[in-house]
Amino acid sequence: MPDGLKTAIFALAAFAVAGAVGVPLKGILAEGKPLGKNALAAARGGGTLWGILGGYRSIISDFAWIKGYLDWEKKDLAGCVSAIEFATDVDPYMTTFWTQGASMIAFDTPHWLLEKLPPERRNETALEIYKKRQANVAFKLLDKGLAMFPDSSELLLQKGQIALGISDFKLAERCYAPLAEADDPPVYVRRIYASILAKNGNPQKAVGVLESVLSETEADSPIKKLLEDQIASLRRAARALQSR
């Protein structure tokens, strides 16, 4: 069989499989609940499929991801989330599947759920509830990735960003700490980490983080004065805490 025809056949199989996965899970996903391992395994036929597809897993995962994107455009919650889960399971080494998938779940799907409510119930309170619910779904996805790749800065950063989105500053600190304390961390990571420390009541530690940034900042940099002002403000906050 020509290679082109083989690829086309497996591409069609990918769409079929990715679509099939969503069917038994729609009742779970329609309410934004996380996927259960048993339900997902059952939807995949107990793993028999992988023995047949072998080295075509990368192709299958790509097409599953494409299907997830198409479902994202249609705001199909069940189809989108199940395709993301499927793609990350098939090819866990594709970091963007984890990070972009978690971003879609946390930042986009709450608005889809809100749109399903009657107009009189669409308000900020309902949106915040959906944001927290869907953030937890995204956290479960990222935690699954972090269990396999515990040193992935991309996964930790995405988890930290989602935590910030729901004002969970304690979780955000746990995510940003290893990133900010690594060798030669990016300036933006340290600045965000400092702001998180301040929100969590640790302005003195935030001062130390920003001072490390200031020491690397050129004298004519436009952010130098901003950093100096932030450090001065944090020092005042630290003195105020000590005087209580």
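Structure: see above.
What this report covers is the structure whose coordinates are included nearby. Numbering of residues starts from 1 in every chain and runs along the sequence as written. Thresholds applied to this predicted model are a pLDDT of at least 70 for local features of residues and 80 or more for the giving and counting of side-chain atom pairs; totals over whole chains, interfaces and linings are not thresholded and use all residues. Hydrogens and waters are ignored; side-chain quantities use all the structure's heavy atoms.

### With respect to the overall build of the protein chain
Phase 1: Along its length, the protein chain carries 13 helices and zero strands.
Phase 2: Comment: elements are numbered from the N terminus, with helices defined as DSSP H or I runs of at least four residues and strands as E runs of at least two. Mapped in sequence order, the helices and strands of the protein chain form the string α-α-α-α-α-α-α-α-α-α-α-α-α.
Phase 3: Pairs at least 24 residues apart make up 57% of the contacts formed inside the protein chain by residues separated by at least 6 positions.
Phase 4: A total accessible area of about 12900 Å² is found for the protein chain, and carbon and sulfur atoms account for 56% of it. Any two residues whose heavy atoms approach within 4.5 Å at even a single point are treated as in contact. Note on areas: Shrake-Rupley, 1.4 Å probe, and residue coverage restricted to the protein chains presented here.

### Some details on unusual backbone geometry
Phase 1: Phi at K75 is positive, roughly 60 degrees, even though this residue is not glycine.
Phase 2: Note that K75 resides in the loop between α5 (57-73) and α6 (77-90).
Phase 3: Residues other than glycine seldom take positive phi values, yet D184 does so here, at roughly 50 degrees.
Phase 4: Structurally, the position occupied by D184 is in the loop between α10 (169-180) and α11 (187-199).
Phase 5: The exposure class of D184 is exposed, given its relative accessible area of 71%. Using a 1.4 Å probe on the protein chains alone, a residue whose accessible area is under 20% of its type maximum counts as buried, one over 50% counts as exposed, and one in between counts as partly exposed.

### Re the pattern of salt bridges
Phase 1: The working definition used for a salt bridge is a side-chain nitrogen of Lys or Arg within 4 Å of a carboxyl oxygen of Asp or Glu. Going through the model one piece at a time under the given rule, you end up with 12 salt bridges.
Phase 2: When the shortest N-O distance is used, the salt bridge between D89 and K144 registers 2.7 Å. Taken together, the positions of D89 in helix α6 and K144 in helix α8 (residues 124-148) put the pair 55 residues apart, joining distant regions of the chain.
Phase 3: For K205, the salt bridge is made with E181, and the minimal N-O distance between the two is 3.7 Å. Of this pair, K205 sits in helix α12 (residues 203-215) while E181 sits in the loop between α10 and α11, and the two are 24 residues apart along the sequence.
Phase 4: Given the relative accessible area of 36%, K205 is considered partly exposed.
Phase 5: Salt bridges sharing common partners tie together K67, D71 and K74.

### Some points on the packing of helix α7 (residues 95-115) against α8
Phase 1: Remark: α7 packs on α8, axes separated minimally by 8 Å, with the N-to-C direction vectors making an angle of 165 degrees. Classified by the interaxial angle, the pair formed by α7 and α8 is roughly antiparallel. In the crossing of α7 with α8, the sense of the turn from one axis to the other is right-handed. Throughout, an axis means a line fitted to C-alpha atoms (over the contacting stretch in the case of helices), and angles, computed between N-to-C directions, take values from 0 to 180 degrees. An angle counts as roughly parallel when it lies under 35 degrees, as roughly antiparallel when it exceeds 145, as roughly perpendicular when it falls between 65 and 115, and as oblique in every other case. Handedness of a crossing follows from how the near helix is turned relative to the far one, being left-handed for an anticlockwise turn of less than a right angle and right-handed for a clockwise one.

### Brief notes about the side chain of S61
Phase 1: Mapping S61 onto the fold places it in helix α5.
Phase 2: A relative accessible area of 0% places S61 in the buried class.

### Quick notes on α8
Residue pairs spaced three or four apart in an α-helix point in one direction, given the helix's 3.6 residues per turn.
Phase 1: Given the number of residues in a helix, its expected span is that number minus one, multiplied by 1.5 Å. Over its 25 residues, α8 runs 36 Å from end to end, which matches the ideal 36 Å to within 8%, given 1.5 Å per residue.
Phase 2: Those residues of α8 that are buried are in contact with α6, α7, α9 (153-165) and α10.
Phase 3: Here a polar contact is recorded for every N or O atom pair within 3.5 Å, except that within protein the pair must consist of a potential hydrogen donor and a potential acceptor, and residues adjacent in sequence are included only if both atoms are side-chain atoms. Between a side-chain oxygen at the N-terminus of α8 and the backbone nitrogen of T125 the separation is 3.2 Å; the capping residue is N123.

### Observations concerning the environment of L70
Phase 1: By the element assignment, L70 lies in helix α5.
Phase 2: Placed 13 residues apart in sequence, L70 and A83 show a C-alpha to C-alpha distance of 10.0 Å.

### Concerning the packing of α6 against α8
Phase 1: Where α6 meets α8, the closest approach of the two axes is 11 Å, and the angle between their N-to-C directions is 15 degrees. Considering the angle they form, α6 stands roughly parallel to α8. Like other packed secondary-structure pairs, α6 and α8 cross with a definite hand, here right-handed. In this structure, α6 uses L77, I84, E85, T88 and D89 to contact α8, whose residues at the interface are Q134, L141 and K144.
Phase 2: Gly is placed with the polar residues, together with every amino acid not listed as nonpolar (Ala, Val, Leu, Ile, Met, Phe, Trp, Tyr, Cys and Pro) or charged (Asp, Glu, Lys and Arg). When its residues are assigned to classes, the contact of α6 with α8 shows three nonpolar, two polar and three charged.

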